[in-house]
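What the coordinates show
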Amino acid sequence: MSSPDNQADLPFRIRHVDCAAFGDQKPGTAGLRKKVAVFSQAHYLETYIQAVFESLDLTSGSALVIGGDGRYYNDTAIQTIIAIAAAHGVRHLIIGRNGLLSTPAASNLIRQRGAAGGFILTASHNPGGPDGDFGIKYNIANGGQAPESLTDAFFTNSSKLRRYSIAELPDIDLSKEGVTVANGLTIEIVDPVSDYSTLLQSLFDFDCMRDGIRNGLSLRFDAMHGITGIYASTIFSGLLDLPAEQLLNAVPLPDFGGGHPDPNPVDAPELISAALGSASPDLLAASDGDGDRNMIVVPGQMVSPCDSLAILLANAARIPGYKDGMAGVARSMPTSQAADRVAAKLGVPCYETPTGWRFFCNLLDTGDIGLCGEESFGTGSDHVREKDGMWAVLFWLNLLATTGKSGNEILESHWSEFGRDYYQRYDYFIADTDAAAGLFSSLKQNLDKTGSRLPADKTLQLADSFTYHDPVDHSISENQGLRLAFEDGSRIVYRLSGTGTSGATLRVYLQHYEQDMKRHALDPHEVLKPIGELAAGLADIERLTGLSQPTAVI
Ligand code: VG1
Ligand code: CO
């Protein structure tokens, strides 16, 4: 794309602003995430957006999509992005009404409209508000997050930036749908829900689900004051007749009502308590701030996201959009191997990728996989290039409605066929990032001594630092986590989180495989305690950090 200097013929003025580079604009697992206070420093947002445009090779006339999860600072950031995009020759912007788009809906819009890419403004499940977090992801034309090569370029360009260019435009009214052409710039404000809702209707049997709900199949959905409230109102209430009282926290709020919009048993305990009560709905679910995560709960228990992936794979052919089954499946490395067992039985390939949805996208683009998932409450298919919370809930609802089986029956029959992979993640929050880095590097250096430090009942099968060789573009991603696999089918994985905005979080992923049906109804906390203690001991967590227990068990 031509540089803004060549745009002098345009009717709006472009201002060039000299500034010093910020050295900390390195995108993590899913975009650049920082405290709102960091993003709102003078020139901070502008320099990052400038660095993104300098890294892109957009052709003149390209369209870009913009939208976010509605968190605090969304509105300000969108006006800035519009002005910088205009200064860089972009002439068509497609923006969700009121600046809103869930992450999967934005991915869909990029694909459907043939846009060159898009900015998604979210820090996902991280808390929002003036003291909370903000984030920016850039997605490319396939609707997926920018690959590592591109995010590395964003960082490099941001580190040496001395100047940014911004168009002098009035604030754009985002509240009304329609097309405005001003100063050579076409700004199209679109309904954030309709295209995405149409896509989901093409995949699932809405008549069957609506009949199920009318006949007493009960769903409770918690939008956690995130973006899915607007989608759930149209899809669950409007199209499926879900009673209003079953839709919780459906109004998106800039600070998520002060909560932590993360669909997991720690941050959505009300759903778990409701599932443990005698009047539990048949299916309970929640999604996160930007609508890409899902938690699935059935009476009495949460479905591990790893099991959910395996069950969706095993049952795909029961769902209209997937009636021919899946060509293959992929899971992030720390995700349990439950899906591998199903793939082996179906005779389809199962790929192991690094953490982060962007690593699935090449395999989705080539058609090598139709389904993918992560242990962190993320599941999705080739319908978009992001994980998709609403999609996962509809998949489960469709499955219950079509089969007439309860969630527990589906789980139990799955485990009796494939065995059960008990799974949990222990998160250790370590305030001192240097201490966390030191712990991790010493663990990595001593990996080859692991075998000699194990109890008698554990035999080591594999101990390595995971390197991913992308089979499609042949890129290599190193240092994607430390894997310990044992001969009894259990595993320990260690990683440092790449989405936090302060301190460091050491994630310890635990898997224990149980083939014996009589041992399929145990408490995961109890089953995984010994391997959790082993993992803490091998990493010397207490001595190096003072933490005798994980900060959160998920
Ligand atoms: C976490 C999860 C990872 C997920 C990422 C983004 O990353 O572990 O599986 O892809 O969040 O999800 P990390 O680096 O903190 O472990 V989202 O819903 O926050 O965009
Ligand atoms: Co998210």
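Only a predicted model underlies this, so the values are computations on that prediction, with no experimental measurement involved. (Residues numbered from 1 in each chain as written. Chains lettered and ligands numbered in written order. Predicted model: local features only at pLDDT ≥ 70, side-chain atom pairs only at ≥ 80, totals over all residues. Heavy atoms only, no water.)

**Quick look at the sheet that holds strand E15 (residues 329–332)**
An order of E16-E15-E17-E18 is seen for the 4 strands of this open sheet, with the pairing classed as mixed. Since the sheet does not close on itself, it has two edges, and those belong to strand E16 (350–353) and strand E18 (378–381), each with one partner. Taken over all neighbouring pairs, the strand axes of this sheet differ in orientation by 15° on average, direction set aside. When E15 meets E16, the two strands line up parallel, connected through 4 bridges. Bridge pairing in E16 places Ser332 opposite Thr353. Along the sheet, helix H10 (residues 305–315) makes contact with E15, strand E17 (371–374) and E18, crossing E17 at roughly 170°. (Pairing = 2+ DSSP bridges. Helix = DSSP H or I, 4+ residues; strand = E, 2+ residues; numbered from the N terminus. Axes fitted to C-alpha atoms, helices over the stretch in contact; angles between N-to-C directions. Contact = heavy atoms within 4.5 Å.)

**Structural notes on the pairing of E17**
Every second residue of E17 is oriented toward a common face, with Leu371 and Gly373 on one face and Cys372 and Glu374 on the other, all of them buried. Looking at chain direction, E15 and E17 are connected through 3 bridges and run parallel. Counted as the bridge partner of Val329 is Leu371 from E17. By the bridge criterion, 4 bridges tie E17 to E18 in an arrangement that is antiparallel. Bridged to Leu371 within E18 is Ser381. (Buried < 20%, exposed > 50% of the residue type's maximum accessible area, 1.4 Å probe, protein only.)

**Remarks on the site of ligand 1**
Around ligand 1 sit 19 residues in total, of which Thr29, Ser124, Ser376, Gly498 and Thr499 are the nearest. At 2.5 Å from an oxygen atom of ligand 1 is found a side-chain nitrogen or oxygen belonging to Thr29. Partitioning the shell around ligand 1 into residue classes produces 1 nonpolar, 9 polar and 9 charged. (Near = heavy atom within 4 Å. Polar contact = N/O pair within 3.5 Å; in protein donor to acceptor, adjacent residues only side chain to side chain. Nonpolar A, V, L, I, M, F, W, Y, C, P; charged D, E, K, R; others polar.)

**Considerations on the packing of aromatic side chains**
Applying the stated rule across the entire model yields 18 aromatic pairs. When the centroid spacing of 5.1 Å and the interplanar angle of 70° are considered together, the rings of Phe119 and Tyr138 count as edge-to-face. Linking Phe119 in strand E5 (residues 117–121) with Tyr138 in strand E6 (residues 133–140), this pair joins segments that are 19 residues apart in sequence. Site record: aromatic cluster; members linked through ring pairs are Phe22, Phe39, Tyr44, Tyr73 and Phe134. Above the face of the Phe418 ring, Lys345 is positioned so that its terminal group lies 5.6 Å from the ring centre. The ring of Trp415 carries the charged tip of Arg420 above its face, separated from the ring centre by 3.9 Å. (Phe/Tyr/Trp six-rings, centres within 6.5 Å; stacked < 30°, edge-to-face > 60°. Lys NZ or Arg CZ within 6 Å of the ring centre and 35° of its normal.)

**Here we look at the domain arrangement of the protein chain**
Domain boundaries assigned for the protein chain yield domain 1 (13–191), domain 2 (196–418) and domain 3 (420–553). Once you take the C-alpha centre of each, domain 2 and domain 3 turn out to be 26 Å apart. Summed over both sides, the interface of domain 2 with domain 3 buries roughly 2,200 Å², with 57% coming from carbon and sulfur. The largest share of the area that domain 2 buries against domain 3 comes from Met333, Asn362 and Trp415, three residues that together contribute 26% of it. If you look at where domain 2 meets domain 3, you find 4 salt bridges. A salt bridge links Glu375 to Arg425, with the nearest nitrogen and oxygen atoms 3.2 Å apart. Taken together, domain 2 and domain 3 are joined by 13 residue pairs in polar contact (both at pLDDT 80 or more). Taken together, the elements giving at least two residues each to the side of domain 2 that touches domain 3 come down to H10, helix H11 (338–346), E16, helix H12 (361–366) and helix H14 (407–418). Grouping the constituent residues of the side of domain 2 that touches domain 3 by class yields 11 nonpolar, 10 polar and 6 charged. (Domains from an automatic or database assignment. Buried area = accessible area lost by both parts, 1.4 Å probe. Salt bridge = Lys/Arg side-chain N within 4 Å of Asp/Glu carboxyl O.)

**A word on the pattern of salt bridges**
Going through the model one piece at a time under the given rule, you end up with 30 salt bridges. With a shortest N-O distance of 2.7 Å, Glu352 and Arg483 are connected by a salt bridge. Residue Glu352 is located in strand E16, and its partner Arg483 is located in strand E23 (residues 482–486); the two are separated by 131 residues in the primary sequence. For Arg483, a relative accessible area of 14% gives the class buried. With a closest N to O distance of 2.9 Å, Arg507 and Asp427 form a salt bridge. Of the two residues, Arg507 is situated in strand E25 (residues 504–514) and Asp427 in strand E19 (residues 420–430); the sequence distance between them amounts to 80 residues.

**Topic: helix H16 (residues 524–539)**
Taking 1.5 Å per residue, 16 residues should reach 22 Å; H16 reaches 22 Å between its end C-alpha atoms and fits that length. Where H16 bends most, at Pro530, the angle is about 40°. Buried residues belonging to H16 abut E19, helix H15 (433–445), E23, strand E24 (491–496), E25 and helix H17 (541–545). Two residues or fewer after H16 comes Asp540, characterised by a positive phi angle close to 55°. (Expected span 1.5 Å × (residues − 1). Bend = angle between axes of the 7 residues up to and from the residue.)

**Here we look at the coordination of the cobalt ion (ligand 2)**
Coordination of the cobalt ion (ligand 2) by the protein involves Ser124 (OG), Asp288 (OD), Asp290 (OD) and Asp292 (OD), with metal-donor separations of 2.0 to 2.1 Å. Along the chain, the residues that donate to the cobalt ion (ligand 2) are spaced as S-x163-D-x1-D-x1-D. With Ser124 in the loop between E5 and E6 and Asp290 in the loop between strand E12 (283–287) and strand E13 (294–298), the pair connects residues that are 166 residues apart, well separated along the chain. Given the relative accessible area of 3%, Ser124 is considered buried. (Donors = N, O, S within 2.8 Å, 3.2 Å for Na, K, Ca; no water.)

**Re the packing of helix H2 (residues 44–55) against helix H5 (residues 148–159)**
Two quantities define a packed helix pair, namely the angle between the helix axes and the distance between the axes. Relative orientation of the contacting elements H2 and H5 amounts to 125°, with a least axis distance of 8 Å. Taken as axis vectors, H2 and H5 run oblique relative to one another. Once H2 is placed against H5, the crossing between them reads as right-handed. Seen from H2, the contacting residues are Tyr48, Ala51, Val52, Glu54 and Ser55; seen from H5, they are Leu150, Ala153, Phe154, Asn157 and Ser158. A per-class count over the contact of H2 with H5 returns 6 nonpolar, 3 polar and 1 charged. (Parallel < 35°, antiparallel > 145°, perpendicular 65-115°, else oblique. Left-handed = near helix turned anticlockwise from the far one by under 90°.)

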